Amino acid sequence: MKALITGASNGFGWDFAIKLSKMGYDIVAVARSKDKLEELGKKVKTNYEYEVMDLSDLKNTYKLHKKYTGQIDLLINNAGFGECGRFDKTDLDIELNMIDLNITALHILTKLFYTEFVERDSGQILNVASIAAFQPGPLMETYYASKSYVLNLTMALYEENRRNKGNVKISVLCPGPAETGFFSRANVRFAIKPHSSDFVTDYALKKLKKNKLLIIPGFIPKCTVFLTRLSPRKLTMRVAYNITERKLYKDKK
């Protein structure tokens, strides 16, 4: 068995690679940092390959699929990042890069590998979204919207696949705050105590074995999603704004 993992140089991707290797998977790790991918290779005990790629350069998604056509049993679309701030103040180029990575690259890889998996009637895909996918996100609107796309694409694909009655498996991981380096890059603080990446990936792999569609690790994230679904939309947006505003790093006085 062979797993292809994007965003493998740290956080969830890093942990998925190590844990799947222990489960017997050969690993293909994809990220931008050669040094970190080489370091990861020292911890992977099965066959290991890595690709130094920026997947927001969409040509790389096609190259990646072409190189590994017919070889992959599990695809984990984990690459992504966020940005925080007022919409009129944030950088458009960063947001477009985020859309390319969080949405378009994931869409292309899902499409190409899913089509292949359907043709051979085997294979599994895990797309990494977030509990942010369940609501609008003032001050992080592009990130929240990108994760909503991932969630809804995956869930719709799951139902389409279910109707086909094949053996391809589809899941979406929606973690809450976790210790992955994401919030540092997004320039925000945690609003609640984050889960460890180890906890999230352990939980995800257990649910993946059971072919669970929607994977939400932890009690508080589950409650958050439940309350979001029950709350009026405008109230949800106000609460989200207040929480995110408090998370923003403030200049030291």
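Above this text is the structure in question.
Everything numeric in this text was worked out from a predicted model, so none of it was measured.

Caption draft 1: A look at the packing of aromatic side chains. Within this structure, the stated rule accounts for four aromatic pairs. On the numbers, 6.2 Å between centres and 50° between planes, the contact of Phe 113 with Phe 117 is tilted. Here the residue Phe 113 and the residue Phe 117 both occupy positions in helix H4 (residues 92-120), the gap between them amounting to four residues, near one helical turn. As far as burial versus exposure is concerned, Phe 113 and Phe 117 are alike and both buried. Taken together, a centroid distance of 6.3 Å and an interplanar angle of 80° make the contact between Tyr 143 and Tyr 144 edge-to-face.

Caption draft 2: Representation of unusual backbone geometry within the structure. A positive phi angle, near 60°, is found at Asp 121, a position not held by glycine. Within the element layout of this structure, Asp 121 appears in the loop between H4 and strand S5 (124-128). Given a relative accessible area of 34%, Asp 121 falls into the partly exposed group. You will see that Lys 165, though not glycine, has its phi angle at about 60°, which is positive. One can find Lys 165 in the loop between helix H5 (141-164) and strand S6 (169-173).

Caption draft 3: Region of the structure containing a positive patch on the surface. Together, Lys 22, Lys 42, Lys 43 and Lys 45 give the surface a local cluster of positive charge. By the secondary structure assignment, Lys 45 is in the loop between helix H2 (34-41) and strand S3 (48-52).

Caption draft 4: A look at empty space enclosed by the protein. Applying the stated criterion across every chain yields a total of two cavities of 30 Å³ or more. Space inside the largest cavity adds up to approximately 50 Å³. Thr 6, Leu 55, Asn 77, Asn 78, Ala 79, Leu 101, Ala 105, Leu 106 and Leu 109 together form the lining of the largest cavity. In terms of residue count, H4 provides more of the lining of the largest cavity than any other element does, four residues in total. Each residue belonging to the lining of the largest cavity can be placed in one class, and the counts come to six nonpolar, three polar and no charged. Its boundaries defined by the atoms lining it, the second largest cavity holds a volume of some 40 Å³. Lining the second largest cavity are Glu 83, Gly 85, Thr 90, Glu 95, Met 98, Leu 139, Met 140, Glu 141, Thr 142 and Tyr 143.

Caption draft 5: Main features of the pairing of S3. By the bridge criterion, five bridges tie strand S2 (residues 26-31) to S3 in an arrangement that is parallel. When the bridges of S3 are listed, Val 28 appears paired with Glu 49. You can see the chain leave S2, run along H2 and come back into S3, and the turn it takes is right-handed.

Caption draft 6: How the structure looks around the sheet that holds strand S9 (residues 214-215). Within the open sheet, the seven strands sit side by side as S3-S2-S1-S4-S5-S6-S9. Their pairing is parallel. Pairing within the sheet leaves two strands with one partner each, and these edge strands are S3 and S9. With five bridges connecting them, strand S1 (residues 2-6) and S2 associate as parallel partners. Bridge pairing in S2 places Lys 2 opposite Asp 26. On top of the sheet, H5 reaches S5, S6 and S9; it is set at about 155° to S6, its chief contact.

Caption draft 7: The arrangement of the packing of H4 against H5 in detail. With their axes 9 Å apart at the nearest point, H4 and H5 run at an angle of 10° to one another. Taken as axis vectors, H4 and H5 run roughly parallel relative to one another. Here Glu 95, Met 98, Ile 99, Asn 102, Ile 103, Leu 106, His 107, Thr 110 and Tyr 114 of H4 come into contact with H5, specifically with Thr 142, Tyr 143, Ser 146, Lys 147, Tyr 149, Val 150, Leu 153, Leu 157, Asn 161 and Asn 164. Split into classes, the residues belonging to the contact of H4 with H5 amount to ten nonpolar, seven polar and two charged.

Calculation rules
Residues numbered from 1 in each chain as written. Predicted model: local features only at pLDDT ≥ 70, side-chain atom pairs only at ≥ 80, totals over all residues. Heavy atoms only, no water. Phe/Tyr/Trp six-rings, centres within 6.5 Å; stacked < 30°, edge-to-face > 60°. Helix = DSSP H or I, 4+ residues; strand = E, 2+ residues; numbered from the N terminus. Buried < 20%, exposed > 50% of the residue type's maximum accessible area, 1.4 Å probe, protein only. Patch = residues over 30% accessible without salt bridge, like charges linked within 9 Å, V, L, I, M, F, W, Y side chains within 5 Å. Areas by Shrake-Rupley, 256 points an atom, 1.4 Å probe, with all protein chains shown as cover. Salt bridge = Lys/Arg side-chain N within 4 Å of Asp/Glu carboxyl O. Lys, Arg positive; Asp, Glu negative; His and termini not counted. Charge placed at Lys NZ, Arg CZ, Asp CG, Glu CD. 1 Å grid on protein atoms, 1.4 Å probe; cavity = no way out; pocket = protein on both sides within 12 Å on 5 of 7 lines; lining within 4 Å. Points joined across faces, edges and corners; volume = space filled by probe spheres on them. Nonpolar A, V, L, I, M, F, W, Y, C, P; charged D, E, K, R; others polar. Pairing = 2+ DSSP bridges. Right-handed = clockwise from strand over helix to strand, strands pointing away. Contact = heavy atoms within 4.5 Å. Axes fitted to C-alpha atoms, helices over the stretch in contact; angles between N-to-C directions. Parallel < 35°, antiparallel > 145°, perpendicular 65-115°, else oblique.

What is shown is where atoms sit, not what they do.
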